[in-house]
Amino acid sequence: KGLEIDHFIMNLPAMAPEFLDAFRGWNFKIKSYPDGSTLQQRPIVHLHCFGEKAKCSDEVARVETQVLRRCETALGFPGCLSSEEKREKNDVRIRVVRDVG
């Protein structure tokens, strides 16, 4: 009782994006400040997954988009992450951590 969970680490490299459907309908908390302003708090999700290996630097954006589309599909909102503008709006960052192949 009284415990607020707002940070998740999903370290299931083969299938983590597919589990994002657990966040559908997430009840975002509204935080109020003394000055009367409010802020909608969203959970922080760290998702570790495998993606296709980019064969050259020109392919990195394409591979990142493939991973983001997997996430969009699981969230049930196609197009919510795959453009640069929407990634910025939704505070989405993608980073290649290491090459396991």
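**Q** Which parts of the structure should I look at to understand the side chain of Glu72?
**A** Assignment of secondary structure puts Glu72 in helix H1 (residues 60-75). As a buried residue without a salt bridge, Glu72 has its nearest oppositely charged side chain in Arg69, at a separation of 4.7 Å. At a separation of 2.7 Å, a polar atom in the side chain of Glu72 contacts the main-chain amide nitrogen of Leu81. Once residues lying within four places of it in the same chain are set aside, the contact partners of Glu72 are Phe77, Pro78, Gly79, Cys80, Leu81 and Ser82.

**Q** Looking at this structure, how should I read the layout of surface pockets?
**A** Gaps left between atoms show up when a probe the size of a water molecule is rolled over them. By volume, the largest pocket is sized at about 1900 Å³. When contributions to the lining of the largest pocket are tallied by element, the ones reaching two or more residues are strand E4 (44-48) and H1. Taken together, the residues that form the lining of the largest pocket break down as 26 nonpolar, 8 polar and 10 charged.

**Q** How do you make sense of the nonpolar core when you look at a structure like this?
**A** Generally speaking, a soluble globular protein has its nonpolar side chains buried in company with each other. Ranked by size, the top nonpolar core spans 9 residues in total: Met10, Ala16, Leu20, Phe23, Leu68, Cys71, Ala74, Cys80 and Leu81. No other element matches the 3 residues that H1 contributes to this core. If sequence neighbours within four positions are ignored, Ala16 has contacts with Met10, Leu47 and His48.

**Q** Even after reading the chapter, I still don't get the packing of aromatic side chains, so can you show me in this structure?
**A** For any two aromatic rings, the description comes down to two numbers: the centre-to-centre distance and the angle of the planes. Summed over all chains, the structure comprises 1 aromatic pair. On the basis of an interplanar angle of 80° and a centroid distance of 4.9 Å, the ring pair of Phe8 and Phe23 is categorised as edge-to-face. With Phe8 in strand E1 (residues 7-11) and Phe23 in the loop between E1 and strand E2 (29-32), this pair connects stretches of sequence that are 15 residues apart.

**Q** I tried to follow a nonpolar patch on the surface on my own but got confused; where do I start?
**A** Among the surface-exposed residues, Leu12, Met15 and Phe19 lie close enough to one another that they form a single nonpolar patch of about 270 Å² accessible area. Tracing the backbone shows Leu12 in the loop between E1 and E2. Judged by relative accessible area, which is 37%, Leu12 ranks as partly exposed.

About the cut-offs
Residues numbered from 1 in each chain as written. Predicted model: local features only at pLDDT ≥ 70, side-chain atom pairs only at ≥ 80, totals over all residues. Heavy atoms only, no water. Helix = DSSP H or I, 4+ residues; strand = E, 2+ residues; numbered from the N terminus. Buried < 20%, exposed > 50% of the residue type's maximum accessible area, 1.4 Å probe, protein only. Lys, Arg positive; Asp, Glu negative; His and termini not counted. Salt bridge = Lys/Arg side-chain N within 4 Å of Asp/Glu carboxyl O. Polar contact = N/O pair within 3.5 Å; in protein donor to acceptor, adjacent residues only side chain to side chain. Contact = heavy atoms within 4.5 Å. 1 Å grid on protein atoms, 1.4 Å probe; cavity = no way out; pocket = protein on both sides within 12 Å on 5 of 7 lines; lining within 4 Å. Points joined across faces, edges and corners; volume = space filled by probe spheres on them. Nonpolar A, V, L, I, M, F, W, Y, C, P; charged D, E, K, R; others polar. Core = buried A, V, L, I, M, F, W, Y, C linked by side-chain atoms within 4.5 Å. Phe/Tyr/Trp six-rings, centres within 6.5 Å; stacked < 30°, edge-to-face > 60°. Patch = residues over 30% accessible without salt bridge, like charges linked within 9 Å, V, L, I, M, F, W, Y side chains within 5 Å. Areas by Shrake-Rupley, 256 points an atom, 1.4 Å probe, with all protein chains shown as cover.

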